[in-house]
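# Results of the structural survey
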Amino acid sequence: MVREARENELREILELYLHLHEKSVPETDEHLKSTWETIMRDENHHIIVLEADGKLVSSCVCVIIPNLTRGIRPYAFVENVVTHADYRGRGCATECLRYAEQIARTAGCYKMMLLTGSKEEKTLNFYRNAGYNSTDKTAFIQWIE
């Protein structure tokens with residue numbers, strides 16, 4: 001079942017992120033609690049999860065960004081696409097991305113964007129098959145440490 005995350009699922013989401021790129025689950029401190037509360041209250045910030053076998057096995061984040069161009073239509077940014085290693089290849093992330101697309105369409109977005117650090121053809125083909133392309137724009141990133 002694909003849906004938006006619930007307030008009581010922070011720990012499970014953080015554990016799922018261990019299958020993304022995180023090395024450990026962060027300590028539950030005031031900064032983490034405050035960040036989670038901010039995300040949960042933000043109507044433009046959507047953490048999408050797929051639940052299977054009673055646990056969260058896939059997720060992505062979809063943020064709707066208000067915009068003054070393109071007829072004052074917002075755009076969506078997708079981030080943190082992840083599936084538990086034991087559930088990969090079953091279409092879980094595809095379902096999460098479809099849900100994100102529904103959110104973006106409902107919000108009137110004119111485009112959706114995502115970035116991946118992966119150079120693996122399998123991963124790139126996954127995004128292509130999900131409807132994304134890598135030819136329309138060039139991405140640049142400046143890491144702030």
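See the structure printed just above.
The text that follows walks through the structure, step by step, so that each part is easy to find.

Quick notes on the rules
Residues numbered from 1 in each chain as written. Predicted model: local features only at pLDDT ≥ 70, side-chain atom pairs only at ≥ 80, totals over all residues. Heavy atoms only, no water. Helix = DSSP H or I, 4+ residues; strand = E, 2+ residues; numbered from the N terminus. Buried < 20%, exposed > 50% of the residue type's maximum accessible area, 1.4 Å probe, protein only. Polar contact = N/O pair within 3.5 Å; in protein donor to acceptor, adjacent residues only side chain to side chain. Contact = heavy atoms within 4.5 Å. Pairing = 2+ DSSP bridges. Axes fitted to C-alpha atoms, helices over the stretch in contact; angles between N-to-C directions. Core = buried A, V, L, I, M, F, W, Y, C linked by side-chain atoms within 4.5 Å. Phe/Tyr/Trp six-rings, centres within 6.5 Å; stacked < 30°, edge-to-face > 60°. Lys NZ or Arg CZ within 6 Å of the ring centre and 35° of its normal. Salt bridge = Lys/Arg side-chain N within 4 Å of Asp/Glu carboxyl O.

Our next topic: the environment of Ser-134. By the secondary structure assignment, Ser-134 is in the segment after helix 4 (121-129). On the basis of relative accessible area, Ser-134 is assigned to the exposed category, the value being 57%.

This part takes up the side chain of His-46. Looking at the secondary structure, you find His-46 in strand 2 (residues 45-52). Judged by its relative accessible area of 11%, His-46 falls in the buried class. Within the structure, His-46 has its side chain in polar contact with the side chain of Glu-4 (distance 3.0 Å). Not counting the four nearest positions on each side in its chain, His-46 is found in contact with Glu-4, Cys-60, Val-61, Cys-62, Ile-64 and Ile-103.

Right, let's get into the pairing of strand 2. Most of strand 2 sits out of view: six of its eight residues are buried. Here three bridges tie strand 1 (residues 2-4) to strand 2, and the two strands are oriented antiparallel to one another. The residue bridging Glu-4 from the neighbouring strand is Ile-48, located in strand 2. Sheet analysis places strand 2 next to strand 3 (residues 55-65), joined by eight bridges and oriented antiparallel. Looking at the pairing, Val-49 lines up with Ser-59 of strand 3. In this structure, the hairpin formed by strand 2 and strand 3 is closed by a connection of two residues, where Asp-53 is found at a positive phi of approximately 55 degrees.

So, on to the sheet that holds strand 5 (residues 112-114). Strand order in the open sheet made by the five strands is 1-2-3-4-5, with mixed pairing throughout. A strand with exactly one partner marks an edge of an open sheet, and here the two such strands are strand 1 and strand 5. In this sheet, neighbouring strand axes are inclined to one another by 30 degrees on average, regardless of whether the strands run parallel or antiparallel. Here seven bridges tie strand 3 to strand 4 (residues 75-83), and the two strands are oriented antiparallel to one another.

Grouped together as the largest cluster of nonpolar side chains are 22 residues, with contacts concentrated most on Ile-48, Cys-60, Cys-62, Ile-64, Val-78, Val-81 and Leu-97. Of all the elements in the fold, those that place two or more residues in this core are strand 2, strand 3, strand 4 and helix 3 (92-106). When residues of this core are assigned to their parent elements, the largest contribution, seven residues, is made by helix 3. Discounting chain neighbours no more than four positions away, the residues touching Cys-60 are His-46, Ile-47, Ile-48, Val-78, Glu-79, Asn-80, Val-81, Cys-96, Leu-97 and Ala-100.

The description of an aromatic ring pair uses the distance of the two centres, along with the angle that the planes make with each other. A complete count under the given rule lists two aromatic pairs for this structure. Pairing Tyr-75 with Tyr-110 gives two aromatic rings, centres 6.4 Å apart and planes at 75 degrees, and the pair type is edge-to-face. Of this pair, Tyr-75 sits in strand 4 while Tyr-110 is found in the loop between helix 3 and strand 5, placing the two residues 35 residues apart along the sequence. Judged by its relative accessible area of 24%, Tyr-110 falls in the partly exposed class. Against the face of Tyr-75 rests Lys-111, its NZ or CZ located 5.5 Å from the ring centre.

This part takes up the pattern of salt bridges. Scanning the entire structure with this criterion turns up five salt bridges. Arg-3 serves as the salt-bridge partner of Glu-9, at 2.6 Å between the closest nitrogen and oxygen. Owing to a relative accessible area of 7%, Glu-9 belongs among the buried residues under this scheme. By relative accessible area, Arg-3 is classed as buried at 8%. One salt bridge in this structure joins Glu-101 and Arg-105, with 2.8 Å as the shortest N-O distance. Here Glu-101 pairs with Arg-105, and both are found in helix 3, just four residues apart, close to one helical turn. Using a relative accessible area of 30% as the deciding quantity, one classes Glu-101 as partly exposed.

So yeah, pure geometry; function would need other evidence.
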